[in-house]
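Close look at the chain arrangement
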Amino acid sequence: MTDPRIQPLLLQLSEQLTQQNRMLVTAESCTGGGVAYAITEMPGSSEWFERGFVTYSNAAKQEQLSVPHELIARFGAVSEQVAAAMALGALQHSHADFSVAVTGVAGPDGGTEEKPVGTVCFGWAQRGAEARTARVVFDGNRQQVRELSILAALQGLADLVENSG
């Protein structure tokens, strides 16, 4: 990870999750495990990172995270509704207390007028609560969109954990 903003977020997450004795799970599509990779680059992350799901296909989202087929059919895999279902499903299929989910169109192909390349949807959840979501359209090439998505996923997670404790 080259973005200098990632390391401070990881330090913040590490401190807060360790203090709260809580664990984190990731559910990723367009980032291909990049959020989990960034987390596990940090020594000691095994104290607060429980597991990561890379659910690139719709079938994987359904099988590993229990995302309803009807939700994907109605809203598309790149939607806030699916991101929320991914975040909640990750909690359901893990022992973690917090989750982050990322699904999007990193490019260079696959965009539509409604969901252009760079469209990324996020879901963040805490066990026992509703998920919160965001939809962002990032500028840049595939690598830039993925790195900005990792940064946004971690920032949203840091905000959620900070406000929970």
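We now turn to the structure provided with this report. (Residues numbered from 1 in each chain as written. Predicted model: local features only at pLDDT ≥ 70, side-chain atom pairs only at ≥ 80, totals over all residues. Heavy atoms only, no water.)

Next up on the list: the sheet that holds strand S2 (residues 49-54). Here we have five strands laid out as an open sheet, ordered S2-S1-S3-S4-S5, and mixed in their pairing. Edge positions in the sheet fall to S2 and strand S5 (132-137), since each of these pairs with one other strand and no more. Sheet twist, expressed as the mean angle between neighbouring strand axes with direction ignored, is 15°. Examined bridge by bridge, strand S3 (residues 98-104) and strand S4 (residues 119-126) share seven bridges and lie antiparallel to one another. Each residue of the ladder has a partner; that of Val-100, found in S4, is Trp-124. (Pairing = 2+ DSSP bridges. Helix = DSSP H or I, 4+ residues; strand = E, 2+ residues; numbered from the N terminus. Axes fitted to C-alpha atoms, helices over the stretch in contact; angles between N-to-C directions.)

If you check helix H6 (residues 142-164), its first and last C-alpha atoms are 33 Å apart, about what 23 residues at 1.5 Å a residue would give, namely 33 Å. Within the sequence span of H6, burial applies to Val-145, Glu-147, Ser-149, Ile-150, Leu-151, Ala-153, Leu-154, Gly-156, Leu-157, Ala-158, Leu-160 and Val-161. Those residues of H6 hidden inside the fold are in contact with helix H1 (6-20), strand S1 (24-28), helix H2 (34-40), S3, S4 and S5. Looking at where H6 begins, the residue whose side-chain oxygen comes 3.1 Å from the main-chain nitrogen of Gln-143 is Asn-141. (Expected span 1.5 Å × (residues − 1). Buried < 20%, exposed > 50% of the residue type's maximum accessible area, 1.4 Å probe, protein only. Contact = heavy atoms within 4.5 Å. Polar contact = N/O pair within 3.5 Å; in protein donor to acceptor, adjacent residues only side chain to side chain.)

Honestly, it's all geometry; don't read function into it.
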